[in-house]
Amino acid sequence: VSCSGPLSQKQAEFFLSQQASLLKNDETKALTPASLQKELNNLLKFNPDFAEAHYLSYLNNLRVQDVFSSTHSLLHYFDRLILTGAESKSNGEEGYGRSLRYAALNLAALHCRFGHYQQAELALQEAIRIAQESNDHVCLQHCLSWLYVLGQKRSDSYVLLEHSVKKAVHFGLPYLASLGIQSLVQQRAFAGKTANKLMDALKDSDLLHWKHSLSELIDISIAQKTAIWRLYGRSTMALQQAQMLLSMNSLESVNAGVQQNNTESFAVALCHLAELHAEQGCFAAASEVLKHLKERFPPNSQHAQLWMLCDQKIQFDRAMNDGKYHLADSLVTGITALNSIEGVYRKAIVLQAQNQMSEAHKLLQKLLIHCQKIRNTEMVISVLLSVAELYWRSSSPTIALPVLLQALALSKEYRLQYLASETVLNLAFAQLILGIPEQALSLLHMAIEPILADGAVLDKGRAMFLVAKCQVASAASYDPLKKAEALEAAIENLNEAKNYFAKVDCKEQIRDVVYFQARLYHTLGKTQERNRCAMLFRQLHQELPSHGVPLINH
């Protein structure tokens, strides 16, 4: 629909409602931001008091993150609403006050979206004051849920949320009640509650959705489940939920031509899918998913940041696996622009890989303090693991132990199973360096199952490599026959580790594995196999830069 001349009132209303619906559900099918703005300016030229056109202009400006124009359009919309008396006709004098309080509430939501929390709080207080004066319980409920959003970082914010859910149910507002339950579940997940309780709560909210046909919230609920399973380190369950969301055609097709809703929940599920495939070494599949994401959410759309970050992270991991640290370093800037915490963490990893230990240590310490302040437990544990790695790479494994135990305590407390397994791997490695391989082996048997079941391919390879090292170290005191058996078993595990590393093109690790295999074959007197591994090692060693003394000597 394009309006070249003046449109009738009905035509204009149809154009606006169609574009608004597309912006909400399938942004790619709507007009581009520039051309939609041009059409709206055209409409407003013929009828400057057309309130709905101002509102659509506000939505359009939100797409391109234009804070000034979107605030301007929003205020114009409510001004026109009050001026034309469109509200007061149906609601008597009440309509005027209603417009005012919803104007303040929308302004608060707008400021919150752009991260202007102080202005948002002022606007929200204004909305609450006007709503209390006119005794509007529905508006107060909306204000209460926004109060929670603004105070999320406070430890007692869940009290607000529980109160909000009860009140929303009482006033018959299923949409708000469900969003409240979703937020509660998210908060409890970060606080380390058990998965079965969270899934029960989500099941209750799902009943609400199906009962009231709130298809958009069904999508959000499934995307939330995907994220929770990933947080707890259960990649198989996360994969299943993401697939379920994608294969579930939305209940209401937006119009005959649109079968899919291009909402945020779809973008989140697809990003999880891409990351899960990349973790398993299926890079072709991951890039297919990302290609689909780029088509579905073009770079100027509002959810494009999700796939941009996901794409950069996958590229970064691949560059690190491949030993191309200069390439990984160039990607850090892009990651930092989209997520500053993630960017700083990855910068530290690159510095560590380049043997710039003191710079990496300074960055990690700053990041640790910041993440503890904002209660980002997942990142705190990752940082602690990196700090421990710094210590044992600097030949101080004894200092690494208390750091690892702190990380283990945190990951157990918050039920982050995957990070807990990774911490146990690091503990086992520290014990191996300290010369107690038997204890390291018994620790590994405890932690290896979740890693082989749900872990990334790289971690599976590391775990098997570590098992082989421990087997060899423990076999030192065995009698010759038993020792030969232990070395054979270690060689088997090394082959498995090599296959895992090959899946993710991790040449440095493969080089270490074949070096180790050559040494073992030499001990067993298998000359042919030894020579084959030695040749492989030599090829890889010439290709790759060598950093200092390889840790294998341990």
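For the structure itself, consult the block above.
Definitions and cut-offs
- Residues numbered from 1 in each chain as written.
- Predicted model: local features only at pLDDT ≥ 70, side-chain atom pairs only at ≥ 80, totals over all residues.
- Heavy atoms only, no water.
- Helix = DSSP H or I, 4+ residues; strand = E, 2+ residues; numbered from the N terminus.
- Buried < 20%, exposed > 50% of the residue type's maximum accessible area, 1.4 Å probe, protein only.
- Contact = heavy atoms within 4.5 Å.
- Areas by Shrake-Rupley, 256 points an atom, 1.4 Å probe, with all protein chains shown as cover.
- Lys, Arg positive; Asp, Glu negative; His and termini not counted.
- Charge placed at Lys NZ, Arg CZ, Asp CG, Glu CD.
- Core = buried A, V, L, I, M, F, W, Y, C linked by side-chain atoms within 4.5 Å.
- Phe/Tyr/Trp six-rings, centres within 6.5 Å; stacked < 30°, edge-to-face > 60°.
- Lys NZ or Arg CZ within 6 Å of the ring centre and 35° of its normal.
- Salt bridge = Lys/Arg side-chain N within 4 Å of Asp/Glu carboxyl O.
- Axes fitted to C-alpha atoms, helices over the stretch in contact; angles between N-to-C directions.
- Parallel < 35°, antiparallel > 145°, perpendicular 65-115°, else oblique.
- Left-handed = near helix turned anticlockwise from the far one by under 90°.
- Nonpolar A, V, L, I, M, F, W, Y, C, P; charged D, E, K, R; others polar.
- Expected span 1.5 Å × (residues − 1).
- Arc of directions from axis to C-beta.

**Some details on the overall build of the chain**
The helix and strand tally for the chain stands at 27 helices and zero strands. Here the C-alpha coordinates of the chain stretch approximately 95 × 50 × 45 Å along the principal axes. For the chain, with 554 residues in total, the buried portion stands at 49%. Of all intrachain contacts in the chain linking residues separated by at least 6 positions in sequence, the fraction that spans at least 24 positions is 61%. When the accessible surface of the chain is split by element, carbon and sulfur atoms take 55% of a total near 27,200 Å². Between the averaged position of the 53 positive side-chain charges in the chain and that of its 52 negative side-chain charges there is a distance of 3 Å.

**Here we look at the nonpolar core**
Counting 111 residues, the largest nonpolar core has Ile228, Tyr232, Leu293, Val383, Leu466 and Phe501 as the members making the most contacts within it. In terms of residues, this core owes the most to one element, helix H20 (residues 377-393), which gives ten residues. Counting 25 residues, the second largest nonpolar core, distinct from the first, contains Leu74, Ala103, Leu105 and Ala131.

**Section: the side chain of arginine 80**
On the secondary structure map, arginine 80 appears in helix H4 (residues 67-84). Classification of arginine 80 by relative accessible area gives buried; the value is 13%. The residues touching arginine 80, leaving out its near neighbours within four places in the chain, are Pro48, Asp49, Ala51 and His54.

**Looking at the packing of aromatic side chains**
In the structure shown here, the tally under the stated rule is six aromatic pairs. Arranged with centres 5.4 Å apart and planes meeting at 45 degrees, the rings of tyrosine 515 and phenylalanine 537 form a pair that is tilted. Taken as a pair, tyrosine 515 in helix H26 (residues 507-524) and phenylalanine 537 in helix H27 (residues 527-543) lie far apart in primary sequence, 22 residues in all. Note on tyrosine 515: relative accessible area 22%, which makes it partly exposed. By relative accessible area, which is 22% here, phenylalanine 537 ends up partly exposed. Counting every residue linked through ring pairs, the aromatic cluster contains Tyr55, Tyr58, Tyr77 and Phe78. The ring centre of phenylalanine 465 lies 4.6 Å from the NZ or CZ of lysine 469, which sits over that ring. The ring of tyrosine 478 has lysine 482 sitting right over it, with the charged end atom 4.7 Å from the ring centre.

**Description of the pattern of salt bridges**
A pair can form between side chains of opposite charge whenever their charged atoms are brought close. Applying the stated criterion across every chain yields a total of 21 salt bridges. Here lysine 24 makes a salt bridge to glutamate 216, at a shortest N to O gap of 3.2 Å. Of this pair, lysine 24 sits in helix H1 (residues 9-25) while glutamate 216 sits in helix H12 (residues 215-231), placing them 192 residues apart in sequence. By relative accessible area, lysine 24 is classed as partly exposed at 49%. We classify glutamate 216 as partly exposed; its relative accessible area is 23%. Within the structure, one salt-bridge network assembled from shared partners comprises Arg230, Glu275, Glu279 and Lys313.

**What to know about the environment of valine 513**
Relative to the assigned elements, valine 513 resides in helix H26. Sequence separation between valine 513 and cysteine 533 is 20 residues, and the spatial gap between their C-alpha atoms is 9.1 Å. When near neighbours in sequence (up to four residues on either side) are disregarded, valine 513 contacts Phe465, Leu494, Lys498 and Phe501.

**Describing the packing of helix H24 (residues 457-474) against helix H25 (residues 480-503)**
Closest axis-to-axis distance for the H24/H25 pair is 8 Å, and the angle between their directions is 160 degrees. Viewed along their axes, H24 and H25 adopt a mutual orientation that is roughly antiparallel. Handedness of the H24/H25 crossing: left-handed. Between H24 and H25, the contacting residues are Val457, Leu458, Lys460, Gly461, Arg462, Met464, Phe465, Val467, Ala468, Gln471 and Val472 on the first element and Leu487, Ala489, Ala490, Asn493, Leu494, Glu496, Ala497, Tyr500, Phe501 and Lys503 on the second.

**What to know about the environment of histidine 303**
With respect to the secondary-structure elements, histidine 303 resides in the loop between helix H15 (283-296) and helix H16 (304-321). Between the C-alpha atom of histidine 303 and that of alanine 388, which follows or precedes it by 85 residues, the distance is 36 Å. Apart from the residues within four sequence positions on either side, histidine 303 is in contact with Asn262, Thr263, Glu264, Ala267 and Phe297.

**Concerning unusual backbone geometry**
One non-glycine residue, serine 395, lies in positive phi territory at about 55 degrees. Within the element layout of this structure, serine 395 appears in the loop between H20 and helix H21 (397-413). The backbone of aspartate 505 shows a phi angle near 55 degrees, a positive value even though the residue is not glycine. As for its position among the elements, aspartate 505 is in the loop between H25 and H26.

**Here we look at the packing of H24 against H26**
Two numbers describe how H24 lies on H26: the axes approach to 12 Å, and their chain directions differ by 25 degrees. Taken together, H24 and H26 sit at an angle that is classed as roughly parallel. The handedness of the crossing between H24 and H26 is left-handed. The residues of H26 that touch H24, namely those facing Arg462, Phe465, Ala468, Lys469 and Val472, are Gln509, Asp512, Val513, Phe516 and Leu520. The residue inventory of the contact of H24 with H26, partitioned by class, reads six nonpolar, one polar and three charged.

**Quick word on H21**
Between its first and last C-alpha atoms H21 spans 24 Å; for 17 residues at 1.5 Å apiece the expected length is 24 Å, and the two agree. Those residues of H21 that sit buried are Pro397, Ala400, Val403, Leu404, Ala407, Leu408, Leu410 and Ser411. Buried residues in H21, looked at end-on, bunch into an arc of 165 degrees, giving them a common side. Among the exposed residues of H21, those oriented more than 90 degrees off its buried face are Thr398, Pro402 and Lys412. Among the structural elements, H20 and helix H22 (417-433) are those in contact with the buried residues of H21. The positive-phi residue at the C-terminal boundary of H21 is arginine 415, with phi of around 55 degrees.

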